[in-house]
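Reading the structure
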Amino acid sequence: MSQFWKPGTERPQGRVVDDEEGGLLFLFGSHHSSSARHGYASIEKQRQRLPVSKYRTAILYLVETHATTIIVGETGSGKTTQIPQYLKEAGWATGGRLIACTQPRRLAVQAVASRVAEEMGVKLGEEVGYTIRFEDVTKPDVTVLKFLTDGVLLREMMDDPLLTKYSVIMVDEAHERSISTDILLGLLKKIQRRRPELRLIISSATIEAKSMSDFFRMRKKRRETENKDDGPQVEPAILSVEGRGFNVQINYAEEPVQDYVQAAVSTTLLIHEREPAGDVLVFLTGQDDIDAAVQLLTDQVQTTGKHSSGLIVLPLYSGLPRADQELVFSQAPRGKRKVVISTNIAETSLTLEGIVYVVDSGFSKQRFYNPISDIENLVVAPISRASARQRAGRAGRVRPGKCYRLYTEEYFLNHMPNAGIPEIQRSNMVSCVIQLKALGIDNILGFDWPASPSSEAMIRALEVLYSLGILDDDAKLTSPTGFQVAEIPLDPMVSKMIIASSQLGCSEEIITIAAVLSVQSIWISGRGIQKESDEAKLRFAAAEGDHVTFLNVYKGFHQSGKSSQWCHKNYVNYHAMRKVLEVREQLKRIAKRIGLVLKSCESDMQAYSHDGMYKTLRGSQEVYIHPSSVLFRVNPKWVIYHSLVSTDRQYMRNVLTIDPSCLLDAAPHFYKLQQSNHLLF
DNA sequence: GAGCACTGC
């Protein structure tokens, strides 16, 4: 076993930027190198060296004199929270305009905002505020520094496409390449040409800094042919800051690993036997793997006796009940070692303190969208080198750590992809297309993305939006339907359902259903309680299907006075129901604003058995009713579904029985009746 | 009789 591991030979990362294209270049030393201890950094171009304490000067110098766009390449330096403060100090919120800083996650927005407010000694919600969905902690005319999710900034653009409220926009964590971030970057590049005075600061991992800079650098041809005033005055400048994380020693498997769950377990035991105190974080792919690993570890600890005891093994994934999730934050008792076995949730979303050892399986579950079949799959896929470095970095937060990679160095260097495929290239584009259309971008296929989605995905999205009556024959938003759908922050199919319900006089009910469909699941599930929860579900089951069942649950919850005990008793997820209430309130506000009629249909709500196999009208695919549905084994002749889950079969989740003539009424432009009385697409 | 990487509006 001791021969199993081989230390990595890769040289320290960083210092990869160059200034050939004329951008200013700053390079800062690492906090732990000797030069950094004295705080030196260098401006290569000017052959000058700046103390790290002059970081502020550097940023302001760039902003004031040269760059409209600054790319900050950094690796967990913690410096990005300082940039907004410098900008505010220097009065960069000009002419009553604000400085905006985006993050991809709500929690990060709240955390960064309160940290900055604290550092500046001001009350959160005054000069420094934040906005996330359902929560606006800002004060008009007082707030200067505003933190927000990139999704919220995109929504703001629908009222103010040029973002005239802001003089500086900083996009943090751009390397994560979330859909919202990519759309935002594409739009910001466009805005820059109309607003040359707008300053952009894009913060990304060092390895992505160069490609971010390339994206914002205007193409040579265009630069020559266009008036100077139209575009950014100078090339993007790159400013690079090396992380202050501690050194993490990387170890690779000597041979390819056959079973990464088993390998993760043995590696953890080896760490426990041979390494000094410090918690272990193991990255696996999903609930199944994690539960299996927890079981194996617990078993082996019990059978191998004394020297292996003292391990506290905890699973971590988002589907875990809230109380179990919180266990991973508790400190291990003296003399005990905590082992957290986690999904990707611990890679970016949650930060665990006290981790010294990381075990990286090299895999994660990723979503892939197939535009031909219109199906999203969740598959176990190899992670990227960027991800592997991020995972390893989790071991160096409190002191020097070690990372054990369950793959060979040869694989890491020669076969692992450098960066992951951006989410936008792995997703259904329906929501993106409608958002861009709402912002007045007609030439969707020619949009300048940081990474272009496939044309098949774009065409499929246009087709779906046409079938919903959201786009017309010229691919323009229909009025009012298309514009109304764009205002509603839901899957466009669900938004269209709300608009139709307004005309059919049942919008109160449909808004409830839409809110339930927008949360993960309102049912509590888990090992050992299937029988009870199934029985509880039957108490709400409606003959029409899952959607009407949701109405029954909502009604019961409402009548109980929104009680958590009622939820507990009925195996309903209380946190999910709270979110349903929030979404429902937001939908009511939006419905009112866009002129929909809110009306209840009161109680005016209205099978053939076969082998359980269905064929989709569009594409003739074999699909089955998911066993979690109240219509499982009822098998009505015609059903519509909200989503497909693909495992060994394609399962329809959230199913409703219908009369096929509904389809003709709802979408006469899309469905035709064949002579033999069969529906045709 | 099955299953859910993770976000976000």
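Anything mentioned here points back to the structure above.
An account of the accompanying structure is given in this report. Model, not experiment: these values are computed from the prediction.

Side note on the layout of surface pockets
Quantified by volume, the second largest pocket comes out at close to 390 Å³. Gly-278, Asp-279, Ala-332, Lys-336 and Gly-354 are the residues nearest the centre of the second largest pocket, which is lined by 22 residues in total. Here the residues of the lining of the second largest pocket sort into 8 nonpolar, 7 polar and 7 charged.

Overview of helix α15 (residues 455–467)
In this model, α15 (13 residues) spans 18 Å end to end at C-alpha, consistent with the 18 Å of a helix rising 1.5 Å per residue. Those residues of α15 that sit buried are Ala-457, Met-458, Arg-460, Ala-461, Val-464, Leu-465 and Ser-467. Packing partners of the buried residues in α15 comprise β18 (363–370), α14 (430–438) and α17 (492–504). Just beyond α15, the residue with positive phi is Gly-469, at close to 70°.

Focus: the protein's contact with DNA strand B
Arg-106, Ser-318, Lys-365, Asp-534 and Thr-647 are the nearest of the 30 residues found near DNA strand B. Within 4 Å of the protein, atoms of DNA strand B come from sugar and phosphate in 62% of cases. In this structure, Thr-343 approaches DNA strand B through a side-chain N or O atom, which is 3.5 Å from a phosphate oxygen. Of all the secondary structure elements, the ones that give two or more residues to the surface near DNA strand B are α5 (150–157), β18 and α19 (530–540). Broken down by element, the residue count for the surface near DNA strand B peaks at 3 residues, all from α5. In terms of residue class, the surface near DNA strand B is made up of 11 nonpolar, 11 polar and 8 charged.

Notes on the packing of aromatic side chains
Overall, the coordinates contain 10 aromatic pairs when judged by the stated rule. Ring centres of Tyr-260 and Phe-363 lie 5.3 Å apart, and the angle between their planes is 25°; this geometry places the pair in the stacked category. Linking Tyr-260 in helix α9 (residues 260–274) with Phe-363 in strand β18, this pair joins segments that are 103 residues apart in sequence. The class of Tyr-260 is buried, set by a relative accessible area of 17%. A ring pair is formed by Phe-540 and Trp-566, whose centres lie 5.8 Å apart and whose planes are at 65°; its orientation type is edge-to-face. Taken as a pair, Phe-540 in helix α19 and Trp-566 in helix α21 (residues 564–569) lie far apart in primary sequence, 26 residues in all. Each member of the pair Phe-540 and Trp-566 is classed as buried. Geometry around Phe-412 places Arg-385 over its ring, the cationic atom sitting 6.0 Å from the centre. Sitting over the ring of Phe-412, Arg-405 keeps its end group 4.5 Å from the ring centre.

Calculation criteria
Residues numbered from 1 in each chain as written. Chains lettered and ligands numbered in written order. Predicted model: local features only at pLDDT ≥ 70, side-chain atom pairs only at ≥ 80, totals over all residues. Heavy atoms only, no water. 1 Å grid on protein atoms, 1.4 Å probe; cavity = no way out; pocket = protein on both sides within 12 Å on 5 of 7 lines; lining within 4 Å. Points joined across faces, edges and corners; volume = space filled by probe spheres on them. Nonpolar A, V, L, I, M, F, W, Y, C, P; charged D, E, K, R; others polar. Helix = DSSP H or I, 4+ residues; strand = E, 2+ residues; numbered from the N terminus. Expected span 1.5 Å × (residues − 1). Buried < 20%, exposed > 50% of the residue type's maximum accessible area, 1.4 Å probe, protein only. Contact = heavy atoms within 4.5 Å. Near = heavy atom within 4 Å. Polar contact = N/O pair within 3.5 Å; in protein donor to acceptor, adjacent residues only side chain to side chain. Phe/Tyr/Trp six-rings, centres within 6.5 Å; stacked < 30°, edge-to-face > 60°. Lys NZ or Arg CZ within 6 Å of the ring centre and 35° of its normal.

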